[in-house]
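Now for the letters of each chain:
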Amino acid sequence: MKITIGNESKTSVRVEFGTTDDIRFVESNAGSSLRIPPQKKEPTQRTQLKLIRTIVRSAKERSVKVVSVDWGMISVGIPESKIAQFAEHLASHAVAAGYDFTVFKTQESKRKIENIIFTNVPEKNVNEISAAIKNGVAMGEVINEMRTIMNTSAGDLTPEHLADAARTQCSKLPKIKVTVFDEKRIQKEKMGALWAVGKGSTHKPRFIQIEYSGGAKNDAPIVFVGKGITFDSGGLNLKPSSGGSLNEMHLDMSGGAAVIGALHILAKKGVKKNVIGLIPAAENMISSTSYRPGDIITSHSGKTIEVLNTDAEGRLVLADALSYAITHFKPKLIVDVATLTGAALIALGQNASAFFVRPDNRAPEIMEIAEDVGEYMWPLPMWDEYEYMVRSDRADVANIPSDGSRWGGVINGAMFLKEFVGKTVPWMHIDMAPRMDSTGRDALGKGATGEPIRFLVRLAEIFK
Ligand code: BES
Ligand code: ZN
Ligand code: ZN
């Protein structure tokens, strides 16, 4: 999809606000237009990003190829100081809205929106806005490539394929290096938790390490850790066939893919920071070599873990990656991203990811970044009072509460990870399960949302 600044063309369809709630395509002597419903709410960046996505999807559904959108209409409510940043995300959201997962459609849909023209852009802003749009389109394209990897079924996307995707995404970019540990190396590195989760599958686990060195040699890096479970059957604690989202569990590597996408974009932009991506990748399957409920495993950190539920596998693979990050990189910040709990969906619905941050006075800053990029996040606490959740009778910690309590599952996930990050490094945990899958209300195309790639990129750009 091209996004340009200019005038309406002979082939373009103008977007206008209609008077009714329906979306209509109107042809008249004066030309054709796409009538979208009048906006009822006070315009904000939130409503405007949603609006551009709605425009793109409506145009696509009606086989419209070129649309023109009045800049004044789309940017209403955005302060002048934020206009370039808004333009970048407007473009990335527009490109994302144009996406559908069509790899396995043998008759590919011809519906494809080719060009969005923003008309009446004030002369003084043209340069700034067109540069921002260029960045935004590039970001949207990477996000869509990663969505294709997320949406690929688990039979076609094993841990090794995820490693291939990391290699392919990063191969032609400067200052970036990808290293992949196979199952032998994983055991040699004493990543006992990753090995336990992945050993029951014929597709053995991989540990993917992406190092981007855009900053000065001595600058401490930011480490992004992404959950890379290529399929989550639940293991011997098998997920139920209804209500357990089994058929969607190929998306359980979305956090890992988001990390690959973010590293790709940072390298492409040449951001002057050192950033490392770590993706523990495994398939959580059932066989005679699977790990069992009741098993006690020794993690990379040396801490022993009592496995009370094999479906709480994400926190296990992340535990090893987090302790690896601490011992190898002395990071100034660690951020982990994971489709970790169904409980996050219960808490927030499908509209926002849950996050935890240490020190917790940084939460407002995080929410602001999320708001700016259009990927919403809401904070939850990690108080000491919740430590009972990880106590074990038989090992150092347990992967779910040993007292049978079942409340606060999102917090339980965070409290478990906290055991492996040590006490000092600034750290953030994103439970993106609510944003694993898009809904019709997102105007994004079905399947993976591609979040929180924009958030990770922005965070790396501005974190001090
Ligand atoms: N991958 C799931 C979480 C999930 C569920 C993400 C549905 C998106 C949609 C995770 O590994 C899991 O199974 N979590 C369990 C934890 C429980 C056993 C403590 C859950 O949420 O039920
Ligand atoms: Zn699980
Ligand atoms: Zn999972």
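Nothing here was measured: the structure is a model prediction, and the numbers come from that model. (Residues numbered from 1 in each chain as written. Chains lettered and ligands numbered in written order. Predicted model: local features only at pLDDT ≥ 70, side-chain atom pairs only at ≥ 80, totals over all residues. Heavy atoms only, no water.)

Engineer: Pulling in residues and values, what's your account of unusual backbone geometry?
Structural biologist: Cis geometry is adopted by the peptide bond preceding Pro-359, which originates at Arg-358 and carries an omega value of 0 degrees. Here Pro-359 lies in the loop between strand 15 (353-358) and helix 11 (363-373). With an omega dihedral of -10 degrees, the bond running from Glu-451 to Pro-452 counts as a cis peptide bond. When you line up the elements, Pro-452 lands in the loop between strand 18 (427-431) and helix 13 (453-462). We note that Asn-120 has phi near 60 degrees; this positive angle belongs to a residue other than glycine. On the secondary structure map, Asn-120 appears in the loop between strand 6 (115-119) and helix 4 (126-151). Judged by its relative accessible area of 57%, Asn-120 falls in the exposed class. (Helix = DSSP H or I, 4+ residues; strand = E, 2+ residues; numbered from the N terminus. Buried < 20%, exposed > 50% of the residue type's maximum accessible area, 1.4 Å probe, protein only.)

Engineer: For the sheet that holds strand 12 (residues 296-298), give the residues involved together with the corresponding values.
Structural biologist: Judged by pairing direction, the sheet is mixed, and its 3 strands sit side by side in the order 12-13-17 without closing on themselves. Bordering the open sheet on either side are strand 12 and strand 17 (397-398), each of which pairs with just one other strand. With 3 bridges connecting them, strand 12 and strand 13 (residues 304-306) associate as antiparallel partners. Residue pairing in the sheet places Ile-297 in a bridge with Ile-305 of strand 13. (Pairing = 2+ DSSP bridges.)

Engineer: A description of the site of ligand 1 should follow, citing residues and the corresponding values.
Structural biologist: Around ligand 1 sit 17 residues, and of these Asp-232, Lys-239, Asp-311, Glu-313 and Gly-342 come closest. Here Asp-311 contributes a side-chain N or O atom positioned 2.7 Å from an oxygen atom of ligand 1. Gly-342 places a main-chain nitrogen or oxygen 2.7 Å from an oxygen atom of ligand 1. In isolation ligand 1 has 520 Å² of accessible area, and contact with the protein removes 80% of it. Partitioned by chemical class, the residues of the shell around ligand 1 number 6 nonpolar, 4 polar and 7 charged. (Near = heavy atom within 4 Å. Polar contact = N/O pair within 3.5 Å; in protein donor to acceptor, adjacent residues only side chain to side chain. Areas by Shrake-Rupley, 256 points an atom, 1.4 Å probe, with all protein chains shown as cover. Nonpolar A, V, L, I, M, F, W, Y, C, P; charged D, E, K, R; others polar.)

Geometric descriptors of this kind do not, in isolation, establish any biological role.
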